[in-house]
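Notes for the structure review
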Amino acid sequence: MITIGIETSCDETSVALLRDGDILVNLVYSQVDLHARFGGVVPEVASRDHLRKLPPLVEEALKKAELEASQLGLVGVTRGPGLVGPLLVGLSYAKGLALALGLPLVGVNHLEAHIFAHRLAHPEAEPPLVALIVSGGHTSLVHVPEWGTYRQVGATRDDAAGEALDKFGRLIGLPYPAGPAVDELAGRGDPQAVPFPRPMLESGLDFSFAGLKTAAVYWLRDHPHTHQEDLCASYLEAVVEVLVEKTLRAAKLLGVQRAAVVGGVAANRRLREVLPARAAAGGVEVYFPPPELCTDNAAMVAACALFHHLRGEETPLSASAAPALPLG
Ligand code: KG4
Ligand code: ZN
């Protein structure tokens, strides 16, 4: 069974082909250069670029996998949450493809797809688990007692973790999105140099990152000559410490021994270092997909679509994009 996955919910156009559970190709075209000068994603610009890039990317994926369109068995696409224009481009294309080839269509939740990146990377590490979804648009903790069942147990009350890194990066003059550059600079800095706060560290499973960004604004006003490496290392340390603490708290409260970290920020080196080390002490195993499956990609969309297809689910051609689609 060959599944084609299509992802266009934000600023990555991605097309993947899966043979059963194996990735044949996973092509990602990032629009970051297009949005960098605006300091964030411009929805209309993103929609137009998805429209331009998606059809040739599908051709390229088929060519790389040495497949014909007639060999496809299932079309999976992100239906939400995300930006409505970009979502509509992918969904409309997927519907057209399904209709033209007489294939079933499965529209998936982008957050559930992120969790399926874990399943693709570590199929042996099955639920029950707690998933930490950390990206530019989302930061949440999700209890996964079994595949297909999700209960959000914590979420950010303001900015997402990636957003907190991107806004901080903008403040210190790094190009958008700043997460990877902060990651890089932090590796050469002192995480204890600046005493940034750890918002909401002591209580509950929710997050709040807006205050951290404000603390950075005031610190820079009062200490404008702080080394950039030390600033990045200290700021990242505050974000990582909160993510680690809450994930382990959730695992303990839910009584699960496994944690899966997914989404763009899961590519962060400091998080990948600190969380497993801290978790080991509490008997919790932590899994990170490889970086290319952490950031937005269509392989995770295809894997999620295949799971629902095998359960007999199908999305009608009348389905619309769902920009605020909840998980679970
Ligand atoms: O999952 P993703 O590709 O898109 C969304 O659904 O948001 O995540 C993008 C986010 C951005 O905020 C970016 O700065 C962050 O992930 N990011 C990182 C790293 N790579 C990407 N943050 C920290 N360290 C990284 N290595
Ligand atoms: Zn995402």
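No experiment lies behind these values; they were computed from the predicted model shown.

**Brief notes about the overall build of the protein chain**
- A count of helical and extended segments in the protein chain gives 11 helices and 10 strands.
- Rg of the C-alpha trace for the protein chain: 20 Å, near the compact-globule value of 20 Å for 328 residues, within the 12% margin.
- By its C-alpha atoms, the protein chain is 60 × 45 × 30 Å across when sized along the principal axes.
- The buried share among the 328 residues of the protein chain stands at 53%.
- Considering only contacts within the protein chain whose residues lie at least 6 apart along the sequence, 74% involve residues at least 24 apart.
- Within the structure as shown, the protein chain displays about 13700 Å² of accessible surface, and the carbon and sulfur contribution to it stands at 53%.
- The centroid of the 27 positive side-chain charges in the protein chain is displaced by 3 Å from the centroid of its 37 negative side-chain charges.

**Some thoughts on the sheet that holds strand β1 (residues 2–7)**
- The 5 strands lie next to each other as β3-β2-β1-β4-β5, forming an open sheet whose pairing is mixed. Here the strands that pair on one side only, and so sit at the sheet edges, are β3 (22–30) and β5 (105–109). Geometrically, the sheet is characterised by an average inter-axis angle of 20° between neighbouring strands, direction not taken into account.
- Relative to strand β2 (residues 12–19), β1 runs antiparallel, the two sharing 6 bridges. Paired with Thr3 across the bridge in β2 is Leu18.
- Of the strands in this sheet, β1, β2 and β3 are in contact with helix α2 (residues 43–64), which crosses β2 at around 25°.

**A look at the sheet that holds strand β6 (residues 129–134)**
- Strand order in the open sheet formed by 5 strands is β8-β7-β6-β9-β10, and the pairing between neighbours is mixed. With one partner strand each, in any of the chains shown, β8 (149–155) and β10 (285–287) form the two edges of the open sheet. The sheet shows a mean angle of 25° between the axes of neighbouring strands, direction not considered.
- Note: strand β7 (residues 139–146) against β8, 5 bridges, orientation antiparallel. Looking across to β8, one finds that Glu146 is bridged to Thr149.

**With respect to the coordination of the zinc ion (ligand 2)**
- Distances from the zinc ion (ligand 2) to its protein donors, His110 (NE2), His114 (NE2) and Asp296 (OD), fall within 2.1 Å.
- Between consecutive donor residues of the zinc ion (ligand 2), the sequence gaps follow H-x3-H-x181-D. Placement of the pair is His114 in helix α4 (residues 110–121) and Asp296 in the loop between α10 (291–294) and α11 (298–310), with a sequence separation of 182 residues. Take His114 and Asp296: they sit in the same class, and that class is buried.

**Regarding the environment of Asp159**
- Looking at the secondary structure, you find Asp159 in the loop between β8 and α5 (161–171).
- A relative accessible area of 8% places Asp159 in the buried class.
- Residues Asp159 and Gly137 lie 22 residues apart in sequence; the distance between their C-alpha atoms is 8.0 Å.
- Discounting chain neighbours no more than four positions away, the residues touching Asp159 are Lys167, Phe209, Ala210 and Lys213.

**Observations regarding the site of ligand 1**
- Taken together, the neighbourhood of ligand 1 is formed by 20 residues, with Gly136, Asp166, Asp183, Gly264 and Asn268 sitting nearest.
- A distance of 3.5 Å separates an oxygen atom of ligand 1 from a polar side-chain atom of Ser135.
- A distance of 3.4 Å is found between an oxygen atom of ligand 1 and a backbone nitrogen or oxygen belonging to Gly162.
- Within the complex, 89% of the 550 Å² of free accessible area of ligand 1 lies under protein.
- Listing elements by their share of the shell around ligand 1, those giving two or more residues are α4, α5 and α6 (179–186).
- Among the residues making up the shell around ligand 1, the classes are represented as 5 nonpolar, 11 polar and 4 charged.

Quick notes on the rules
Residues numbered from 1 in each chain as written. Chains lettered and ligands numbered in written order. Predicted model: local features only at pLDDT ≥ 70, side-chain atom pairs only at ≥ 80, totals over all residues. Heavy atoms only, no water. Helix = DSSP H or I, 4+ residues; strand = E, 2+ residues; numbered from the N terminus. Rg over C-alpha atoms; globule rule 2.2 N^0.38 Å. Buried < 20%, exposed > 50% of the residue type's maximum accessible area, 1.4 Å probe, protein only. Contact = heavy atoms within 4.5 Å. Areas by Shrake-Rupley, 256 points an atom, 1.4 Å probe, with all protein chains shown as cover. Lys, Arg positive; Asp, Glu negative; His and termini not counted. Charge placed at Lys NZ, Arg CZ, Asp CG, Glu CD. Pairing = 2+ DSSP bridges. Axes fitted to C-alpha atoms, helices over the stretch in contact; angles between N-to-C directions. Donors = N, O, S within 2.8 Å, 3.2 Å for Na, K, Ca; no water. Near = heavy atom within 4 Å. Polar contact = N/O pair within 3.5 Å; in protein donor to acceptor, adjacent residues only side chain to side chain. Nonpolar A, V, L, I, M, F, W, Y, C, P; charged D, E, K, R; others polar.

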